[in-house]
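For reference, the chains in residue letters:
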Amino acid sequence: MDQRQALAAFSALSQETRLHIIRMLVVSGPDGMAAGAIAEKAEVSPSNVSFHLKELERSGLIAQQRESRSIIYTANYEALGGLIRFLMEDCCGGNPEICAPAAAVAACCTPATKGELQ
């Protein structure tokens, strides 16, 4: 992740509703959530959630996929990990053990896709 991408991601995350949405999508895993369910759980109108989802998608932090008549949104775990790695890239003044816990989070596995679940 470069500085431009990190700025776009931080800009998207700097709004309370969008931060709440991304956290919901991270928790939902590879199954994601339908836009209507996101609006309901975030307690915002469908048009409001649509605006926020568009901003998160533009920043690369989420992806969408059509399933029948619904649009399912999922967190982009690779981009989220990249954002953490961007922050930790030159960390700790030569003492990598200080950053080890955060680096482990950034390097964690991306959830399996639906077809890979057993």
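Numbers given to residues run from 1 along each chain, matching the order in which its sequence is written. Given that the model is predicted, a residue must reach a pLDDT of at least 70 before its local features are reported, and side-chain atom pairs must reach 80 or more before they are shown or counted; all residues, however, enter totals for whole chains, interfaces and linings. Each side-chain value is derived from all of the structure's non-hydrogen atoms; neither hydrogens nor water enter the calculation.

As recorded by an unreviewed UniProt entry, the protein chain carries the name ArsR family transcriptional regulator and is attributed to Rhizobium vallis.

Participant: Even after reading the chapter, I still don't get the packing of helix α2 (residues 16–28) against helix α4 (residues 46–58), so can you show me in this structure?
Facilitator: Each packed pair of helices is defined by two parameters, the angle between the axes and the distance between the axes. All axes are obtained by fitting lines to C-alpha atoms, using only the stretch in contact for helices, and the reported angles, taken between N-to-C directions, cover 0 to 180 degrees. Helix and strand definitions here come from DSSP, where helices need a minimum of 4 consecutive H or I residues and strands a minimum of 2 consecutive E residues; each element is numbered from the N-terminal end. Running from amino to carboxyl end, α2 crosses α4 at an angle of 75°, the nearest separation of the two axes being 10 Å. Between α2 and α4, the angle is such that the two are roughly perpendicular. Packed against α2, whose contacting residues are Thr 17, Arg 18, Ile 21 and Ile 22, the element α4 presents Asn 48, Val 49, Phe 51, His 52, Leu 53, Glu 55 and Leu 56 at the interface. In this count, Pro and Cys sit with the nonpolar residues alongside Ala, Val, Leu, Ile, Met, Phe, Trp and Tyr, while Asp, Glu, Lys and Arg are called charged and the others, Gly among them, polar. Partitioning the contact of α2 with α4 into residue classes produces 6 nonpolar, 3 polar and 2 charged. Angles below 35 degrees are treated as roughly parallel, those above 145 as roughly antiparallel, those between 65 and 115 as roughly perpendicular, and all remaining angles as oblique. Contacts are assigned to residue pairs that have any heavy atoms within 4.5 Å of one another.

Participant: Where do I start with helix α1 (residues 3–13) in this structure?
Facilitator: Every α-helix carries 3.6 residues per turn, so stepping three or four residues along brings you back to the same face. Burial in α1 covers these residues: Ala 6, Ala 9, Ala 12 and Leu 13. Down the axis of α1, the sector holding all buried residues measures 125°, keeping them to one side. Exposed residues on α1 whose side chains face more than 90 degrees from its buried face are Gln 3, Arg 4 and Leu 7. Where α1 is buried, its residues contact α2, α4 and α5 (77–88). Only protein chains enter the calculation, and the probe is 1.4 Å; a residue is then buried if its accessible area is under 20% of its type maximum, exposed if over 50%, and partly exposed in between. For this quantity, the arc is that covered by the directions from the helix axis to the C-beta atoms.

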